[in-house]
Amino acid sequence: MEKQISSGDEDGSGERGLLHTWRGYSYSTTPERVLLSRPVLQAALGARHGVLLVEGGQVYSFGELPWKQNQTSSVVTEPVLEAVLSEQRVVFVAAGSAHSGVVTEDGGVHMWGENAHGQCGLSGLSVIPNPTPVAVLDSEATPPQTVKILEVACGDQHTLALSAKHEVWAWGSGCQLGLNTSTFPVWKPQKVEPLAGRHVLQVACGAAHSLALVRCLPPPQEPRKPPQDKCGQCHQLLYTMTDKEDHVIISDGHHCPLGVEQDSGETKSALEGSPEQGKQGKSSPTEPVPSMSTQIPRSPTSSTIPDSTPASESQNQVPASSQEPAEPTIEDSTEPEAPVTNGEVCVEASESCTPEPDSCRAIGGKCSPFPDEQAVKAYLKRLSDHALAEHTTKTPTIHSAQLSSDPTDPFTSDPLIPVAQSVTPMGSALNNLVVSCASAVGERVVSTYEALSLRKVIGYWVPGEGRERVEERLRLEEPMQGKKSSSLGDIREEEAELSRRLSLPGLLSQGTHALLLLHPVYRLLSPRLLRRTSRPRARAIPLSPGGIPEADAHLPSLQTEVWSWGRGQEGQLGHGDILPRLQPICVKSLNGKEVLRVAAGAHHSLALTAQSQVFSWGCNTSGQLGHMESPTTFPHLTKLSDGIRVWDIGAGQQHTLLLADGDCIQPILYYSGQQVKEVTEVTEQTEEEEQTGEYTQQPVLLPFCMNLGYVSSVCSGGRTCAALTDRNVMGFIASLHELAAAERKYYCKLSNIKSLLLQPLLKLDSLSSTLGQSTAGLLQNLIGRLSRLSQLTGQNSASLTSFLRRSRDIRGLVILDDAHLFLDTHSEYCSAVGDLLVMGGFQALVKPCHDVFGKGAEVVQRLSECSEEGLPLADILAHLFYLPIKHLHEYGRLLLKLATCYEVSSVDYQKLQDACSKYESMALHLKKRRKEAEYTLHFWKSFPGKMTDSLRKPSRRLICESSNKALTLQNAGRFSVNWFMLFNDALVHAQGMVPYKSLFSTHHVFPLATLWVEPISEENTGLYGLKVTSPEESFTLLASSPAEKAKWLRSINQAVEQALSGLGHDGIPSSTGVTQRADPPISRTASYTFYKDSRLKEATYEGRWVSGKPHGRGVVKWVDGRMYTGTFKNGLEDGFGDYIVPNKNLNSCDHYQGQWKDGKMHGFGTFRYASGEVYEGSFQDNMRHGHGMLRSGKLNSTSPSVFIGQWQYDKKSGYGVFDDITRGEKYMGMWLDDQRQGNGVVVTQFGLYYEGAFSNNKMMGTGVLLSEDDTTFEGEFSEDWTLNGKGVLTMPNGDYIEGSFSGVWGTGLKMSGSYYKPSLYDSDKEKAHALKLGRLAVHSEDKWKAVFMECWNRLGCDSPGQGQTTTAWDSIAVALTANLRQQRDSPELLSRSHHKTLESLEFIPQHVGPVTLEVYHTIRRYLVKACDTPLHPLGRLVETLVSVYRMTYVGVGANRRLLHQAVNEIKSYLSRIFQLVRFLFPDLPEEGGSLADPPKETSGSDPAGKQLESPKPGCVVSSSALLLPVLLPRLYPPLFTLYALEKEKEDDVYWECVLRLNKQPDLALLAFLGVQQKFWPVTVTVHGEKQQVLSSTKDSCFASAVETLQQISTTFTPSDKLQVIQLTFEEITQEVLALLKQDFLWSMDDLFPVFLFVVLRARIRNLGSEVSLIEDLMDPCVQHGEHGIMFTTLKACYYQIQHEKVT
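Along each chain, the written sequence defines residue order, and numbers are assigned to residues from 1. Local features in a predicted model are, by the rule used here, given only for residues with pLDDT of at least 70; side-chain atom pairs are given and counted only at 80 or more, and totals for whole chains, interfaces and linings are based on all residues. Excluded from the side-chain calculations are hydrogens and water; all other atoms, namely the structure's heavy atoms, are used.

Scanning the protein from terminus to terminus reveals 39 helices and 64 strands. Burial analysis of the protein (1703 residues in total) assigns 54% to the buried set. We call two residues in contact when some of their heavy atoms are within 4.5 Å. Considering only intrachain contacts with a sequence separation of at least 6, the fraction spanning at least 24 residues in the protein is 59%. Where accessible areas are quoted, they stem from the Shrake-Rupley method and a 1.4 Å probe; at the residue level, only the protein chains shown are allowed to cover. On the protein, roughly 74200 Å² of surface is accessible, and the fraction owed to carbon and sulfur atoms is 53%. Each helix is a run of DSSP H or I of at least 4 residues and each strand a run of E of at least 2, with the numbering of both proceeding from the N terminus. Burial classification: accessible surface area is computed with a 1.4 Å probe over protein chains only, and a residue below 20% of its type maximum counts as buried, one above 50% as exposed, and the rest as partly exposed.

This is the structure we're talking about:
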């Protein structure tokens, strides 16, 4: 049934996902194609079977399948479908030795096959015939949750799964699970805890070991804890220090044999040390105490590996187990027997391990067996010489090519140097020696540590990219276990290598730490080094490319680590020994190698790096590692010829399969390992034969690979190899492969430049001194950018490689989706190269290159791929560093190639086409920039004079210059020479005299951002001129021809445009390049420092410009600290601005915020003086002028005072109020030149009142003085409160003295005069006195003239009433719009209702003809809103008036004698505001005029009704009716206070009477007041029910009227108060009508007693004040109407109550 497939599919299957399998590598081998109906997506091979995943998510098995029950023979040639899985959609398959696993789309795992060791995760069955689901449950979560799995890996007896959270789960048997248990099998999947919390990318299983590829953790943010100095598990010292001549080597190369190294203090799990050893550690401090001492017998494949610390021979020797020579027996000293499973020994980790106490530390100089330091040195030397001899015989020289990938090669290549017999004694001795030296070395180490950190701070470090810890490069990346005890031989070599390396560590590793402060790694320090640090060096700039800005999300990480665990008897764990590991440990030597993929064979391991190299380690019996290096317990590179870049790996039982790029586009295959004989029948003896069979020394090319087509991935298992291939459909597959191969090649190229060229150069000590500080900084920048580019390329190449293995949908290509990232990175990099080139950096690098690479510098030649012969080295270097531009062309070419595989109309085609054009145009743009840089460099070489130094800047590029005399200065002197140079950031004008052409005496730099150029028409002059304007100069340039003129005009304009767009020479081109405008804008934002302008000399302006002048918003900063922020107009401050002037003496600053005009303070503003004074008000020409308020001092300071009033030219002049808070006096009157002059009033807090004349700031002339008790003096004054001259003194009782007086008021007065005592009937005299108050005060019309004047000015009038109404409305509109715009910038200033008010004010009340009632109401509503917002001129006026009124009449000003003036002031406000209103609405009738009747025709519908209406009282226009509702509520508190003070005595009498009469019940009171019986209520409604009025009833009669009258206190304006009285009358009438049940008319005799009753019951406290206020301010037109009568009634009641006699 499977065979029934439509022909269409047949075609498809013939193209993609073809699977070929083969064995061995002989020439006769031909791969077989596995025939399937659908393309294979993934294949997995076990020891003798395989599993395939095909399109559509189905799974097939083939090979030996002994677990299938119904199969006739267990060997299946044709793949069989696993029908059980047909319901599921499988996304991943894996095969172990004899079991298989798959992962479905929803993250579920299915397993089948051999299950004796629990490797299928299902308990109770030894064989599982068909795929069965395995539950992976996270039991820590509550409730337990199913873990979603991404992929699985299968070994011999175990299975690992990688979850969607990137954690590892394991099940099966053996220590290769990494689980903390000794009971096997583990049936239930469990989490591998040591890897929890890390980001695992991939897992792989060998026969009995496991590998995980883990993303590095980002460097810790918090300060590190001081590192421990002992291993948390085996308690060896972690650091050893060796003193050697003038160096100290500090090593932390300790790797615990027992398990995971502790990251922090807590111990995850380890083997327990035995108690005896603890004691022994205390008794003999000469040796560090090992907690597990085992000698390991040789396995056939590995050399002897000494234990990490020599055991004291007498103890703990474990005899070798003779039965299993290949497997080490490891015994835990606390458990007599290790559990044996399956004939293999596994070690159990005990949980309860704690680090041993410090007493185990072996430290102390005294216990050294050597007599003195000399002897130590001699001994060391002997040792090292001996070992060195050994070493040189064994290790080949360092290959320079390998430095790039593995800088540690020279050390790791053969750590097993010393001969076996010297191991133990030498080891002990060494440990003793280390210990004994530790104390001696101590002090030196401290100073050298400091030196190292200092050197690193000062020195010129360039970190590379990414997150890998740079320090790894500083150290041998994983010295062998036991190296400390065995190979002292390397010390000299290490010293040499390390001193080289120290000169610039970590440069090219992927680290972000610019300052690599001390990390416990190999440290090597010398006094020479200390001396060197004292030289000044280039600044260290932390060049962390800090990972890619989050496009990283799409890109694979290159910062990875490989972790391994399980059996290690063949060295397959890579830790340099053959001990097993119970828990995952990081393979240190692969750190920083950018591993992308790991693979595990039966007993060997592979790691594939981003640089397309393969590291291999483990069993090498059949050459499967692809190299013959030893020991095989460490990762080494497989031997491949140059130019072979591997990108996929497979590992079988005894072979390795590599998929690589060669010279052609098609991928090639390499095989390394066992040759497989073609044997017809499979027998036991085959195995034996194969053990002795032939094998490869290094990988060999498989000859048939070219016939397979395009291989997309490979896999191996058992002795079989498999390759998935695609046929090249329409060139698409080939183009994809070509793109990926090109990127891999490019990355290797960049890595080589870093490792072969830059690393050696940077190790040169003299580098920074040779280059000089600035060039060194530029080189540093270049290297940082190169690292960034390299990292991006590496990530992209890894992404493309995985892209080939996976989907082929080009929508996932990062190079398309994040093209900007690649373009920006290349652009930044090219800028860095150009900057270095322009400054002659490549020339400067020539000498260091010769020093490092010899005279020919072949390395540079080879890397640069430069075809031209005989070029100077500087040019070759430049060519080399500009190679990335070529690669951009390559991107363009390959994307175009891919595009041709699509329909032209398709989206993908469009996308590829766009990207291609972007890369192409960027490549062209960068080429252009390279040319500019070269042109500039050439120019500087030939440029005369000293100016080069000041003008030559890294980012500055020359655009054109006038050495050909094509451009001259108009009106230049006869002998002067002018030379113009246009750079990308400035126009430079150099001048000199004719005889000395080479010496230009002066030059001036005009920054382009503030340069305006325009052509001058040639009609009249016949000259080809250009007018150039800069902020402080403008001059004319003459060109020699129209072509020259056009060229310069275009060049300058383009350069200005670029400078303004902020691109400078980094300009990223637009994809077309045509969109640039011809001329830069006249208006622009730029920064400039003035050098001539007297007012702005040396000040810096930053902001908007128009044609050479600051115009718009900007900031000016002067050198003396002054600063202006605000708007400018034509180069001067104009509009709103903020100005700060520091005041050195007071250590504070003056601060002005407000309006400016023509560079001066003008308009409203606030000035906060450094002295603490604050002025708010009007300014003119930098002076206080107009209305303003000055506050001096705080209330608690020495002399607080407030002045509010009129200013002229910085002085108080005109009417003003001065509140002297210290003396408790308030002056209200006229001023002149800051002095009181003219009429005025003074009140004091003690109740004194003076009104009269002032002169020279004193009371001088005629005046009136009253004291609190009404004693009055009227006469002449000479000083403040000093009487001098004629006058009349009147006593409170009316007696008075006439005569001449002298003396200060309140002290004894001298007088001569006559004393009068008026008779009772002669009371006219006293009345006359009372009337005179206010006569000598300032007339209310003369007060606050400046405030009203400012309002008129705001309306565009020069004096009140003079001007155009239309202009006024325009001014209002402008004010509102400007204010609205300002609020839009800072919306928090406005409430929402305020906003609405502003919007409604935009409609001006329009009307034609006379004002009708309707229009009148519209105007009234408009005025209410206008006065509501200070943004409207009228609102501003009202706000100011309210504040001056309160300033006058609050506090000391609350003096009853001021009531009259306060009332008059309000009346004067009304009339003056009314004048303004009539100016805005000219048709409004004048005060007292009546409104027009509404036009007749509008009321056609109801003519009769309209005719009948009589004119209402509201139809008369009065200022009080219109404006009091707006004004009075705001002025009410101070005004009412004055009334209350004035009426105090009367109100007290009235109140006493009210309280007395209110004690009576209702009926008694009605009777007492003489209310007629018929008006007495019979029933009253209380709480909704009627009640009879009894003699005891109280506060119930006329209750509604009483309530109404009480509201009089809650209203403000007289009209509102009168309305309340009217309502009260109506309520009384209602109640009486209800009683009488008939109409009747009130007579005053009837009404008055009833009303009196209501007034008494209303209990209004300040009724007298209310009555006076209504009387003073009520509308004159109401006085004789109904309201007038009602008011008179209320007033009568008030007097009646005062004089009521209770009988």
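This paragraph deals with helix H37 (residues 1644-1658). The end-to-end C-alpha distance of H37 is 20 Å, a good match for the 21 Å that 15 residues give at a rise of 1.5 Å each. Most of H37 is tucked away: 13 of the 15 residues are buried. Count one or two residues on from H37 and you reach Arg1659, which has phi positive near 50°. Expected span of a helix: the number of residues minus one, times 1.5 Å.

With that out of the way, let us pick up the pattern of salt bridges. What counts as a salt bridge is simple: a side-chain nitrogen of Lys or Arg found within 4 Å of a carboxyl oxygen of Asp or Glu. Under the criterion given, the structure shown has 33 salt bridges. In the salt-bridge network here, residues are joined through shared partners; they are Glu738, Glu890, Arg893 and Lys897.

Time to look at the sheet that holds strand S6 (residues 75-81). The pairing of strands in a sheet comes from backbone hydrogen bonds and takes either a parallel or an antiparallel form. At least two DSSP bridges between two strands are required for those strands to pair. Read from one edge to the other, the open sheet built from four strands follows the order S3-S4-S5-S6, with strand pairing classed as antiparallel. The sheet terminates laterally at strand S3 (40-45) and S6, the two strands that pair on one side only. Strand-to-strand, the axes of this sheet are offset by a mean angle of 15°, without reference to chain direction. Of the pairings in the sheet, the one linking strand S4 (residues 49-54) to strand S5 (residues 58-64) comprises six bridges and is antiparallel in character. Counted as the bridge partner of Leu52 is Tyr60 from S5. Axis lines are fitted through C-alpha atoms, for helices just across the contact stretch, and the angle between N-to-C directions can take any value from 0 to 180 degrees.

Read across the open sheet, the four strands follow the order S7-S8-S9-S10; overall the sheet is antiparallel. Each edge of the sheet is formed by a strand with only one pairing partner; in this case those strands are strand S7 (90-95) and strand S10 (127-134). Taken pair by pair, the neighbouring strands of this sheet meet at an average axis angle of 15°, ignoring direction. When S7 meets strand S8 (residues 99-104), the two strands line up antiparallel, connected through five bridges. By the bridge assignment, Phe92 is partnered in S8 with Val103.

With that settled, the discussion passes to helix H12 (residues 732-762). Along its 31 residues, H12 runs 43 Å from first to last C-alpha, staying within 8% of the 45 Å computed at 1.5 Å per residue. Most of H12 sits out of view: 28 of its 31 residues are buried.

For the rest of this paragraph, the subject is the nonpolar core. One finds Leu669, Leu757, Phe842, Val860, Phe881 and Tyr919 to be the most contacted residues of the largest nonpolar core, which totals 122 residues. Among the elements that line this core, the one with the most residues is H12, at 15 residues. Those residues in contact with Tyr919, other than ones at most four positions away along the chain, are Ile815, Ala819, Phe822, Leu823, Leu888, Tyr891, Gly892 and Leu895. In plain words, nonpolar cores are sets of buried Ala, Val, Leu, Ile, Met, Phe, Trp, Tyr and Cys residues tied together by side-chain atoms within 4.5 Å. Listed in part, the 74 residues of the second largest apolar core include Val1202, Leu1522, Leu1523 and Leu1673.

What follows covers the pairing of strand S32 (residues 668-673). With respect to burial, S32 is a largely interior element, six of its six residues being buried. In terms of strand pairing, strand S31 (residues 655-661) meets S32 through six bridges, oriented antiparallel. Within S32, the residue paired with Thr656 across the bridge is Ser672. A loop of six residues connects S31 with S32, the two strands running antiparallel in sequence. Relative to strand S33 (residues 700-701), S32 runs antiparallel, the two sharing two bridges. By the bridge assignment, Tyr670 is partnered in S33 with Leu701.

Here we come to the side chain of Lys1045. Considering the arrangement of structural elements, one finds Lys1045 in helix H23 (residues 1042-1060). For Lys1045, a relative accessible area of 7% translates into the label buried. Discounting chain neighbours no more than four positions away, the residues touching Lys1045 are Pro1015, Ile1016, Glu1018, Tyr1024, Gly1025, Leu1026 and Ala1039.

Judged from the nine bridges that link them, strand S60 (residues 1282-1290) and strand S61 (residues 1296-1304) form a sheet pairing that is antiparallel. What sits directly across from Asn1284, in S61, is Ser1302. Count of turn residues in the S60/S61 antiparallel hairpin: five residues, of which Gly1294 carries a positive phi of about 100°.

Note the cis peptide between Thr142 and Pro143, where omega equals -10°. Here Pro143 shows up in the loop between strand S11 (137-138) and strand S12 (145-146). Residue Pro631 follows Ser630 across a cis peptide bond; omega there is -5°. Considering the arrangement of structural elements, one finds Pro631 in the loop between strand S28 (614-618) and strand S29 (636-637). Phi is positive for Asn1130, close to 50°, though the residue is something other than glycine. Within the secondary structure layout, Asn1130 lies in the loop between strand S47 (1123-1129) and strand S48 (1132-1143). Of note, the phi angle at Tyr1209 is positive, near 50°, even though the residue is not glycine. Topologically, Tyr1209 is positioned in the loop between strand S53 (1201-1208) and strand S54 (1211-1220).

Note on ring pairs: Phe, Tyr and Trp rings are taken, using the six-membered ring of Trp, and paired if centres are within 6.5 Å. Classes follow the plane angle, with under 30 degrees stacked, over 60 edge-to-face and the rest tilted. In the structure shown here, the tally under the stated rule is 48 aromatic pairs. On the numbers, 6.3 Å between centres and 65° between planes, the contact of Phe939 with Phe983 is edge-to-face. Of the two residues, Phe939 is situated in helix H21 (residues 907-942) and Phe983 in strand S38 (residues 976-983); the sequence distance between them amounts to 44 residues. Neither residue differs from the other here; Phe939 and Phe983 are each classed as buried. Considering the side-chain rings of Tyr1532 and Phe1612, the 5.0 Å spacing of their centres and the 70° angle between planes classify their relative orientation as edge-to-face. Taken as a pair, Tyr1532 in helix H32 (residues 1519-1542) and Phe1612 in the loop between helix H35 (1599-1606) and helix H36 (1614-1636) lie far apart in primary sequence, 80 residues in all. The rule is short: NZ of Lys or CZ of Arg within 6 Å of the ring centre and within 35 degrees of the ring normal puts a charge over the ring. Positioned above the aromatic ring of Phe1203 is the side chain of Lys1212, whose terminal nitrogen or guanidinium carbon lies 5.4 Å from the ring centre.

Two elements in contact, H32 and helix H38 (residues 1663-1673), have axes whose closest approach is 11 Å; the angle formed by their N-to-C orientations is 135°. It follows from the interaxial angle that H32 and H38 lie oblique. Regarding H32 and H38, the two cross each other, and that crossing is right-handed. Where H32 approaches H38, its residues Leu1524, Leu1528, Tyr1532, Leu1535, Phe1536, Tyr1539 and Ala1540 are matched on the opposing element by Ser1665, Glu1666, Ser1668, Leu1669, Asp1672 and Leu1673. Here the residues of the contact of H32 with H38 are counted per class, giving nine nonpolar, two polar and two charged. For classification, angles of less than 35 degrees are called roughly parallel, those exceeding 145 degrees roughly antiparallel, those between 65 and 115 degrees roughly perpendicular, and all remaining angles oblique. Left-handed describes a crossing whose near helix is turned anticlockwise from the far helix through less than a right angle; right-handed describes the clockwise counterpart. Following the grouping adopted for this structure description, the nonpolar residues are Ala, Val, Leu, Ile, Met, Phe, Trp, Tyr, Cys and Pro, the charged ones are Asp, Glu, Lys and Arg, and the polar ones are all others, Gly among them.

As a further point, take the confidence of the model for the protein. Considering every residue of the protein, the mean pLDDT works out to 74; 71% of them sit at 70 or more. Note on residues 1-13: pLDDT under 50 across the span, and 12 contacts to partners over four residues away in sequence or across chains. Every residue carries a pLDDT, the predictor's confidence in it, which falls somewhere between 0 and 100. Low pLDDT, under 50, characterises residues 223-227; the stretch is placed with five contacts to residues that sit more than four places away or in other chains.

Another point: the packing of helix H25 (residues 1345-1354) against helix H30 (residues 1459-1480). The geometry of H25 relative to H30 is characterised by a closest axis approach of 12 Å and an angle of 10° between their N-to-C directions. Here H25 is positioned roughly parallel relative to H30, judged by the angle of their axes. The segment H25 lies against H30, with Lys1345, Phe1348, Cys1351 and Trp1352 engaging Tyr1469, Arg1472, Ile1473, Gln1475, Leu1476 and Phe1479. Of the residues that constitute the contact of H25 with H30, the class distribution is seven nonpolar, one polar and two charged.

With respect to the helices, strands and loops of the structure, Gly1247 is situated in the loop between strand S56 (1235-1244) and strand S57 (1249-1255). Relative accessible area serves as the criterion here: at 8%, Gly1247 is assigned to the buried category. Taking C-alpha positions, Gly1247 is 4.9 Å from Glu1268, a pair spaced 21 residues apart along the chain. In this view, Gly1247 contacts Leu1266, Ser1267, Glu1268 and Asn1455; residues no more than four positions away in its chain are not counted.

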